[in-house]
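These are the residues of each chain, in order.
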Amino acid sequence: MANTQTALKEAMTTIEGSLGVALVDYSSGMALGTVGGGKELDLTVAAAGNTDVVRAKVRTMEQLGLKDGIEDILITLDSQYHLIRLLKGRDSQGLFLYLALDKNRANLAMARHQLRKIEGDLEV
Amino acid sequence: MNPHTDVPPAPPARPGGRTGTGPTLTVLAGERASGALLCEAGTVYLSEGRVVHAESPVAPGIDVLLTTGGRLTAETWREAVGHTDGPGGVGRFLVDTGRLSDAELEICHLGALFDAAYFALGTGTGPRGFQRDAAHWLGPVRPVGADAVERETRRRGRLLDDLWPCPQVDTAPVVLRSPDPRSPAVTRRQRAVLELADGVRTPADIARCLGRPAFHTLIDIRRLAAAGHVETPRPQATAPPARSPGPGAVVWPDTVPDTVFADPGIDLLRRLRDALEATL
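It should be emphasised that the depicted structure is a prediction, and the values quoted were computed from it without experimental measurement. (Residues numbered from 1 in each chain as written. Chains lettered and ligands numbered in written order. Predicted model: local features only at pLDDT ≥ 70, side-chain atom pairs only at ≥ 80, totals over all residues. Heavy atoms only, no water.)

## Let's talk about the overall build of chain A
Across its full length, chain A holds three helices and five strands. Starting at the N terminus and walking to the C terminus, you meet the elements of chain A as α-β-β-α-β-β-β-α. Across the 124 residues of chain A, 50% fall into the buried class. Just so you have it, chain A exposes about 5900 Å², and 50% of that area is on carbon and sulfur atoms. (Helix = DSSP H or I, 4+ residues; strand = E, 2+ residues; numbered from the N terminus. Buried < 20%, exposed > 50% of the residue type's maximum accessible area, 1.4 Å probe, protein only. Areas by Shrake-Rupley, 256 points an atom, 1.4 Å probe, with all protein chains shown as cover.)

Okay, here's the thing in structure tokens:
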């Protein structure tokens, strides 16, 4: 029964190597909550920009006729991982968690697992 | 401090739409004021300079979002409203009885707040007056800084203009048209909007039917209009002054819309855009 800020803070502290995390409304591109980030990573800009990534993928799947859902999207940079996890169970709202990780410190499998747990905490 | 009743047609609003006769949100936030900022298209509630709630006749309220969206039954909502004793009671009751989690209440409330604030502050003629110490019955859930609300309102205006700079589609009844076969595919969320387009319902009506925020529906409508799935009506001279484009947005000269947005022109523009997208 965490509130959003607590759940995001938990993501920052329990996920090794996390640089910032945001809960984003994917229709409007608004960050409903952010923790971390900073000068190098403006999470509100990242949130707005990454809605286009999610939308493009959703649209492509529609065009391909894939009736599947997207669990997460991974973007690998030279020094970071960006992990986008679409929240289920609240189809009408369309939210995703956006997590930026330091590639050298992060364990991707653990991060995915913990992000799934945090989604559960949000109970959205 | 009384809200003006006969505000003359305002000149095109500056970005953010604040040309009204009332105090601006920024000024009120600086004074750490509490009360209701009355705007043409909605009301923004402040508590000690922070925004605690907003509502607009155009934007579905948190009750609609929660019940039509399927999260709560109308029965549960009524029960919660009936149980309130003092401000903040509805949300607290829903969380304490396990009907909603804290996070869900916050997310839904924030969604409704920013949605209504966009219409109150970003459209129409701006603030008309301030009712000091008026509070919303819902009570505070998670207050937001006034600067965040202003920034988000401006960002939303720019976002809509970037998608399709024809604000008349936001308020006109949604009329289907047969799209160019090469138009972008319609997503599931957009399909739900198209299914409710009957030539009578406006985007706000559709948002209410679907239990979705009105701004999100405007995004779908602008995208659908840009792709040619719904009609873009000609701008009307008598229409209420629309939100003016933010800095950097495309500004059409006054004389152009009649010619450019006539039907053949719109197809030409669309072909032009497709060709540009294909080569860039």
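## A few points about the overall build of chain B
Of regular secondary structure, chain B possesses eleven helices and five strands. The proportion of buried residues among the 280 residues of chain B is 52%. Across chain B, contacts joining residues at least 24 apart in sequence account for 75% of those joining residues at least 6 apart. Total accessible area on chain B is roughly 13000 Å²; 55% of this is exposed by carbon and sulfur atoms. (Contact = heavy atoms within 4.5 Å.)

## So, the confidence of the model for chain B
Residues and elements named next belong to chain B. When the pLDDT values of chain B are averaged, the result is 81; 80% of them are 70 or greater. Taken as a whole, residues 1–18 scores under 50 in pLDDT and shows 35 contacts with residues more than four places along the chain or in a different chain. Ignoring residues within four places in sequence, the model shows residues 255–262, a span with pLDDT below 50, making 14 contacts including any to other chains. (pLDDT = per-residue confidence, 0-100.)

## Comments concerning the sheet that holds strand β2 (residues 42–47) of chain B
Residue and element names in this part refer to chain B. With antiparallel pairing, five strands are arranged side by side in an open sheet as β4-β1-β2-β3-β5. Edge positions in the sheet fall to β4 (127–132) and β5 (144–145), since each has one partner strand and no second. Two elements, β2 and strand β3 (residues 50–55), share five bridges in a ladder whose sense is antiparallel. Counted as the bridge partner of V44 is A54 from β3. (Pairing = 2+ DSSP bridges.)

## Here we look at the sheet that holds strand β5 (residues 95–102) of chain A
All names here are of chain A. With respect to topology, five strands assemble into an open sheet ordered β2-β1-β5-β4-β3, the strand pairing being antiparallel. Taken across any chain shown, the strands that pair with only one partner, and hence form the sheet edges, are β2 (30–36) and β3 (72–76). Averaged over all neighbouring strand pairs, the angle between strand axes comes to 15°, with direction disregarded. The pairing of strand β1 (residues 18–25) with β5 spans seven bridges and is classified as antiparallel. Considered in β5, the bridge of A22 is made with Y98. Helix-sheet contacts for helix α1 (residues 4–14) involve β1, β2 and β5, and the interaxial angle to β1 is about 150°. (Axes fitted to C-alpha atoms, helices over the stretch in contact; angles between N-to-C directions.)

## A short note on the interface of chain A and chain B
Each partner contributes to the interface: chain A provides 28 residues, whereas chain B provides 32 residues. With both sides pooled, the region where chain A packs onto chain B buries about 2400 Å², and carbon together with sulfur makes up 53% of that total. Scanning the region where chain A abuts chain B turns up one salt bridge. For R191(B), the salt bridge identified is with E62(A), shortest N-O distance 3.0 Å. Counting the contacts that link chain A with chain B gives eight residue pairs in polar contact (both at pLDDT 80 or more). Among the secondary structure elements, those contributing two or more residues to the side of chain A that touches chain B are α1, β1, β2 and α2 (43–64) of chain A. (Buried area = accessible area lost by both parts, 1.4 Å probe. Salt bridge = Lys/Arg side-chain N within 4 Å of Asp/Glu carboxyl O. Polar contact = N/O pair within 3.5 Å; in protein donor to acceptor, adjacent residues only side chain to side chain.)

## Some words on the nonpolar core
L23(A), L97(A), L25(B), L37(B) and V149(B) are the most contacted members of the largest nonpolar core, which totals 52 residues. The residues that make up this core include at least three from each of domain 1 (25–148) and domain 2 (163–272) of chain B. Beyond its immediate sequence surroundings of up to four residues, L23(A) is in contact with T4(A), L8(A), M30(A), A31(A), L32(A), G33(A), L87(A), L95(A), F96(A), L97(A), L122(A) and I107(B). (Core = buried A, V, L, I, M, F, W, Y, C linked by side-chain atoms within 4.5 Å. Domains from an automatic or database assignment.)

## What about the environment of D274(B)?
Topologically, D274(B) is positioned in helix α11 (residues 263–279). A C-alpha to C-alpha distance of 8.9 Å links D274(B) and R182(B), two positions 92 residues apart in sequence.

## Some details on the pairing of β1(A)
Residue and element names in this part refer to chain A. β1 sits mainly inside the fold: seven of its eight residues count as buried. Here β1 pairs with β2 via six bridges, running antiparallel. Paired with L23 across the strands is G33, a residue of β2. Between β1 and β2, which follow one another and run antiparallel, lie four residues, and G29 among them has a positive phi close to 75°.

## A few points about the pattern of salt bridges
Residues and elements named next belong to chain B. Taken as a whole, this structure holds 25 salt bridges over all chains when the rule is applied. A salt bridge links R154 to E150; the shortest N-O distance between them is 3.9 Å. You can see R154 and its partner E150 sitting in helix α6 (residues 146–163), four residues apart, about one turn around the helix. Since its relative accessible area comes to 30%, R154 is described here as partly exposed.

## Notes on the pairing of β2(B)
Residue and element names in this part refer to chain B. Most of β2 sits out of view: five of its six residues are buried. When strand β1 (residues 35–39) meets β2, the two strands line up antiparallel, connected through five bridges. Looking across to β2, one finds that L38 is bridged to T43. Joining the antiparallel neighbours β2 and β3 is a turn of two residues, in which E48 adopts a positive phi near 50°.

## Points about the packing of aromatic side chains
Residues and elements named next belong to chain B. Tallied over the full model, the rule gives three aromatic pairs over all chains. Centroid distance Y118 to F215: 5.2 Å. Interplanar angle 65°. Geometry classified as edge-to-face. With a gap of 97 residues between them, Y118 in helix α5 (residues 102–122) and F215 in helix α9 (residues 214–226) connect regions that are remote in the sequence. Grouped by ring-pair contacts, the aromatic residues Y118, F119 and F215 constitute a single cluster. (Phe/Tyr/Trp six-rings, centres within 6.5 Å; stacked < 30°, edge-to-face > 60°.)

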